[in-house]
Amino acid sequence: MYGPGLDPQLNTSTQPMFEQKHPSETAPATRPPLPQAGESRRLHMPLDEQVLAEPLSPELLVPRLGELLLQKGLLEAEQLQQALDHQRANAIAGNPRLLGQVLVELGMISQDSLDRVITEQIISLQNALKDSNQRLEQLIQHSTDALNEANFIYAATSRIARATGFEEVLKISRSTLKKTPHVSLIILAEGDAWQIDSYQNPEDAEAFENLSLPSIAITQEQISGYFSENRAYTQISTIHSMDEHNPFQIWARSVGCIDAFFIPLWDGQTLYGLWMLGTRQPRQLQNIQLQPYLALAEYTSTTLSKIRALEQANQQVKRLQILNSLSQAITAELDLNALFEVVHRQVALLLGDTGFYIALYDSDNNTITFPYLFEEGELLQIDPIPLGEGLTSHVIRTREPLLLVEDTEKKAFALGAKIVGKFARSWLGVPLQIGEEILGVMTIQDVEREHAFTEEDKRLFVILASQVSIAIRNARLVESIRKQADYQRVLFELTEKIRRSVDMDTILATSTTELGRVLGARRVTIRLQPGEAEPQSRQPHLLKP
């Protein structure tokens, strides 16, 4: 009944271990009498001391034995109450007995039936304990995994906080998300399109190479609208329905995720990237597991904002340096060709080696000349063109700067401009003018990239154009003064030569020769009006060819 090595007679407790009392098993309110001399005092030991003092029997491992026998129909309630009364009487008499022993002794249940019930219950308890241990082990493993996950995420937070460039931040983000046990995406904004930067599938190490995801055309403002209530993240589920207009559901379903969290990367109010954490089974990723990633995203956004602010500050310093260098060049350089080279060199330092030209407008002849034209890595020369329907002519007519960075050809046609040859994907032109006088246009263009220039570049170009316009006017004034001085000098020299002449023929010959040389004329004619001092027959003096 009790198995080898277990003697039920050695256990003197009045109640089985772990056994919860049936309502009818309540002990009498009066305390049992104190033992007389020579009686055992074990009855009055605390229960835990009795358990430690006595070996355990199988029956002690079965809680609520009486209730269990009632449930199985092996015992009636009246029989249970009778057995409990008998057990209590034995305990008072100093002969404590287990309930099972009492039931067998009273013939209410057979020894085999009691053994079978106790064995089944012990096996059930063992299975329950085994299941409990397995759940505990799983909980410990999940807690360990979550702790390890949080540790490497917070380690990445420290690395990102020290990053000094956008690419460095992206590199750390990619390596961090590749360690997660979840499907992950990094999605970046490129104009009005969103492109997948990296993809991690823990079940497929080569998933990114085999990935083909749609590029969704949706503006940053539209994506930001999904985060209007919660700037930290948005949760998407595709298990019940699929909205073909919802970009988050499209991305999640594209990589086979049922549940997904999208975490935004902000630069102030501007959204420039997303992280996605997804699962292939519903509700595998809980909000508490998301917290380290939210902290990492916040640090990433803060770091990128810091980097962007630093880059803008450096860019501003560079722009001021360019303006300073150009001012010095304008002060020192009066040759237009040399000035245009200086301007191009400074612009290339800021915006790269792109197309650049300066066009000058002749209002008298209504023509446009190109004294400086740099395209595809070399200086070119083209003939003057009439004011027409091109973008340069448009700027001359409107006297307003023009920036086109997307759909350039379409927008140029909308402005009434015609494009000859390969059109630029980004085009920036600003007028060269002083007051109401239009001198020409300064232009930079990129035939390969859209969005190559910004509004800040346009503002810089406007400032540069104002200084270049002043330089052009100064150079023209200097050239005009120089020519006037040359004319004055030639006129003085001519006058001196004529004064040194002794006769009329010499005076005429000297005058025609010198005037032809100064004016670049091949033929000079001097006609004398008849007068009293000259005979009527004198002929005009011609410059010999």
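That block above? That's the structure.
The following refers to the structure shown. (Residues numbered from 1 in each chain as written. Predicted model: local features only at pLDDT ≥ 70, side-chain atom pairs only at ≥ 80, totals over all residues. Heavy atoms only, no water.)

**As for the sheet that holds strand E3 (residues 216–217)**
Spatial strand order, E3-E2-E1-E6-E5-E4: 6 strands in an open sheet with antiparallel pairing. Every other strand in the sheet has two partners, leaving E3 and strand E4 (234–237) as the edge strands with one partner each. Bridge count for E4 against strand E5 (residues 259–267) is 4 bridges, and the pairing is antiparallel. For Ile236, the partnering residue across the bridge sits in E5 and is Ala260. (Pairing = 2+ DSSP bridges. Helix = DSSP H or I, 4+ residues; strand = E, 2+ residues; numbered from the N terminus.)

**Focus on a positive patch on the surface**
Together, Arg159, Arg162, Lys171 and Lys179 make up a region of like positive charge exposed at the surface. Note on placement: Lys179 falls in the loop between helix H6 (166–177) and strand E1 (183–190). On the basis of relative accessibility, which here comes to 54%, the residue Lys179 falls in the exposed class. (Patch = residues over 30% accessible without salt bridge, like charges linked within 9 Å, V, L, I, M, F, W, Y side chains within 5 Å. Areas by Shrake-Rupley, 256 points an atom, 1.4 Å probe, with all protein chains shown as cover. Salt bridge = Lys/Arg side-chain N within 4 Å of Asp/Glu carboxyl O. Lys, Arg positive; Asp, Glu negative; His and termini not counted. Charge placed at Lys NZ, Arg CZ, Asp CG, Glu CD. Buried < 20%, exposed > 50% of the residue type's maximum accessible area, 1.4 Å probe, protein only.)

**Thoughts on unusual backbone geometry**
Phi at Arg399 is positive, roughly 60 degrees, even though this residue is not glycine. Relative to the helices and strands, Arg399 is located in the loop between helix H11 (391–398) and strand E11 (402–404). Among the residues examined, Arg399 registers a relative accessible area of 31% and is labelled partly exposed. Its identity is not glycine, yet His451 carries a phi of approximately 55 degrees, on the positive side.

**Re the environment of Leu188**
Within the secondary structure, Leu188 sits in strand E1. Its relative accessible area of 13% is what places Leu188 among the buried residues. The spacing of Leu188 and Gly273 is 85 residues in sequence and 4.4 Å in space, taken between C-alpha atoms. Leave out the neighbours within four places in its chain, and Leu188 touches Leu170, Ala193, Trp194, Gln195, Asp197, Tyr272 and Gly273. (Contact = heavy atoms within 4.5 Å.)

**Describing the pairing of strand E7 (residues 355–362)**
Of all 8 residues in E7, 7 are buried, a share of seventy percent or more. In this structure, E7 lies alongside strand E8 (residues 367–375), joined through 6 bridges in antiparallel fashion. Bridge pairing in E8 links Asp362 to Thr367. Two successive antiparallel strands, E7 and E8, enclose a turn made up of 4 residues, where Asn366 displays a positive phi of approximately 55 degrees.

**A few points about the nonpolar core**
Grouped together as the largest cluster of nonpolar side chains are 32 residues, with contacts concentrated most on Leu432, Met442, Phe461 and Leu464. Taken together, the elements giving at least two residues each to this core come down to helix H9 (287–332), helix H10 (336–351), E7, E8, strand E12 (426–434), strand E13 (437–446) and helix H13 (455–500). When residues in this core are grouped by element, the largest group, 7 residues, is from H13. Those residues in contact with Met442, other than ones at most four positions away along the chain, are Val343, Phe356, Tyr357, Ile358, Leu428, Gly429, Val430, Leu432, Phe461, Leu464, Ala465 and Val468. Grouped together as the second largest cluster of nonpolar side chains are 25 residues, Ile153, Val169, Ile186 and Leu188 included. (Core = buried A, V, L, I, M, F, W, Y, C linked by side-chain atoms within 4.5 Å.)

**Remarks on the layout of surface pockets**
One way to see where empty space is left: roll a probe the size of a water molecule over the atoms. Its volume calculated, the largest pocket comes out at about 1200 Å³. Around the largest pocket sit 30 residues that line it, and Ala189, Arg308, Glu311, His451 and Thr454 are the ones nearest its centre. Secondary-structure elements contributing two or more residues to the lining of the largest pocket are E1, strand E6 (270–279), H9, H10 and H13. Of all the elements, H9 adds the most residues to the lining of the largest pocket, at 8 residues. The residue makeup of the lining of the largest pocket, split by class, is 11 nonpolar, 8 polar and 11 charged. (1 Å grid on protein atoms, 1.4 Å probe; cavity = no way out; pocket = protein on both sides within 12 Å on 5 of 7 lines; lining within 4 Å. Points joined across faces, edges and corners; volume = space filled by probe spheres on them. Nonpolar A, V, L, I, M, F, W, Y, C, P; charged D, E, K, R; others polar.)

**Section: H10**
Here H10 contains 16 residues, and its C-alpha end-to-end distance of 22 Å stays within 8% of the 22 Å for a straight helix at 1.5 Å per residue. All buried positions along H10 are accounted for by Leu339, Phe340, Val342, Val343, His344, Gln346, Val347, Leu350 and Leu351. Regarding H10, its N-cap is Asp335, as a side-chain oxygen of that residue lies 3.3 Å from the backbone nitrogen of Asn337 further along. Gly352 sits one or two positions beyond H10 and adopts a positive phi of about 95 degrees. (Expected span 1.5 Å × (residues − 1). Polar contact = N/O pair within 3.5 Å; in protein donor to acceptor, adjacent residues only side chain to side chain.)

**Let's talk about the packing of aromatic side chains**
Throughout the structure, instances matching the rule amount to 7 aromatic pairs. Both rings, one in Trp251 and one in Phe262, keep their centres 6.4 Å apart while their planes meet at 40 degrees; by these two values the pair is tilted. Here Trp251 is found in helix H8 (residues 247–254), whereas its partner Phe262 is found in strand E5, with 11 residues between them in sequence. Joined through ring pairs, the aromatic side chains of Phe248, Trp251 and Phe262 make up one cluster. (Phe/Tyr/Trp six-rings, centres within 6.5 Å; stacked < 30°, edge-to-face > 60°.)

**Considering empty space enclosed by the protein**
Inspection of the entire model under this criterion finds 3 cavities of 30 Å³ or more. Surrounding the largest cavity, Arg174, Leu177, Lys178, Ser184, Ile186, Ser198, Tyr199 and Gln200 form its lining. Those elements that place two or more of their residues in the lining of the largest cavity are H6, E1 and strand E2 (193–200). Ranked by residues supplied to the lining of the largest cavity, first place goes to E2 with 3 residues. Split into classes, the residues belonging to the lining of the largest cavity amount to 3 nonpolar, 3 polar and 2 charged.

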